[in-house]
Amino acid sequence: MNIMLYLAVVLIWGTTWIAIFLQQEAANTPVLVAVFWRFLLASVLMLVILKLIKRLRPLDKQDHLFCLLQGCCVFGFNFVCFYHAAAWISSGLESVIFSMAVLYNALNSWIFFRQRPPFRLLPAAVLGLGGIVALFWNDIQAAHPAPQLLWGVGLSALGTLGFSLGNMISTRHQRRQRDVLTTNSYAMLYGAIVMAIIALLNGDSLAPALNLQWLGSMSYLAIFGSVLGFGAYFTLVGRIGASQAAYCTLLFPLVALTLSTIYEGYQWHSNAIVGLAMILMGNMVMFVRWPTARKLRLA
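Residues numbered from 1 in each chain as written. Predicted model: local features only at pLDDT ≥ 70, side-chain atom pairs only at ≥ 80, totals over all residues. Heavy atoms only, no water.

### Description of helix H2 (residues 31-52)
Consideration 1: The terminal C-alpha atoms of H2, which comprises 22 residues, lie 32 Å apart, in line with the 32 Å expected from a rise of 1.5 Å per residue.
Consideration 2: Of the residues trailing H2, Lys54 is marked for its positive phi of about 60 degrees. (Helix = DSSP H or I, 4+ residues; strand = E, 2+ residues; numbered from the N terminus. Expected span 1.5 Å × (residues − 1).)

### Quick word on the environment of Ala42
Consideration 1: Mapping Ala42 onto the fold places it in helix H2.
Consideration 2: What makes Ala42 buried here is its relative accessible area of 0%.
Consideration 3: Not counting residues up to four positions away in its chain, the partners in contact with Ala42 are Met188, Ala222, Ser226 and Val227. (Buried < 20%, exposed > 50% of the residue type's maximum accessible area, 1.4 Å probe, protein only. Contact = heavy atoms within 4.5 Å.)

### Here's the deal with unusual backbone geometry
As a rule of thumb, non-glycine residues mostly have phi less than zero, and peptide bonds are mostly trans rather than cis.
Consideration 1: Notably, Arg114 is not glycine yet its phi reads approximately 55 degrees, a positive angle.
Consideration 2: Mapping Arg114 onto the fold places it in the loop between helix H6 (101-113) and helix H7 (121-135).
Consideration 3: Here the phi dihedral of Gln177 falls at roughly 60 degrees; this positive angle occurs in a residue that is not glycine.

### Structural notes on the packing of aromatic side chains
Any two aromatic rings considered together are summarised by their centre-to-centre distance and by the angle between their planes.
Consideration 1: Summed over the entire model, instances satisfying the criterion amount to 13 aromatic pairs.
Consideration 2: Seen in terms of ring centroids, Phe39 and Phe79 are 5.3 Å apart; in terms of plane orientation they differ by 55 degrees. Their pairing is tilted. Placement of Phe39 in helix H2 and of Phe79 in helix H4 (residues 77-85) is noted, with a sequence separation of 40 residues between them.
Consideration 3: The exposure class assigned to Phe39 is buried, which follows from its relative accessible area of 0%.
Consideration 4: Between the NZ or CZ atom of Arg38 and the centre of the ring of Phe79, over which it lies, the distance is 4.3 Å. (Phe/Tyr/Trp six-rings, centres within 6.5 Å; stacked < 30°, edge-to-face > 60°. Lys NZ or Arg CZ within 6 Å of the ring centre and 35° of its normal.)

This is the structure:
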């Protein structure tokens, strides 16, 4: 079951990055409005299905408050960051930066749940940060790096932090034996409501773009990327923990970068290959089970 959940997350989330690009390319819709429609559709769909199959579980006031926080972190502001970043860096590069969630999760698990991170976090972090530098080396080497690049990288890193904080809230839900589908559904709904309120305060219209590419991309992001993808991911978080679940981020950048090369014309350079390899190695270091001294002696 864990392998099936991993594969589902990798394949779904590996393709959602290009869907974000296609949605933003289709129409000049405010980011807040695009995020609002994505999670409104996903939450309504989830709540209706859970109600019909009698799987919608009751939550107390404190649970709903944490669902609101989870919605802001995972189904709201983090995607505002990712959608804006997509205008400045390729969707494939966004996914590579997002793969650093494994490090965020390890640190946040230590902060919030006193789960001491393993020593291998240090070399993993060094490899990961070095990989990002190598990945963007051509731009950094320029006399005046484009500020758009820095915004793209910074927003992607900030969005990844939001995602990780949402992981911690999901862990809190599941430690209290709250149903993951129920909490996800309410969190998506609350995230959509917060996005709508901010958009209206900003003077934006909530009307969706009525063209096939925008509606198709939004539907894919809502149904596959949100309902199925987050459902599978947070089920993994409950089964094996946030740090281990984030291992799937090791693989889906490969899917995202392949699609980015085909559809966005991403140009591969030698330093980009080295950077990607370092980031993947950094993530892998977090999960390699080194043999103990006793096992080595027995061998």
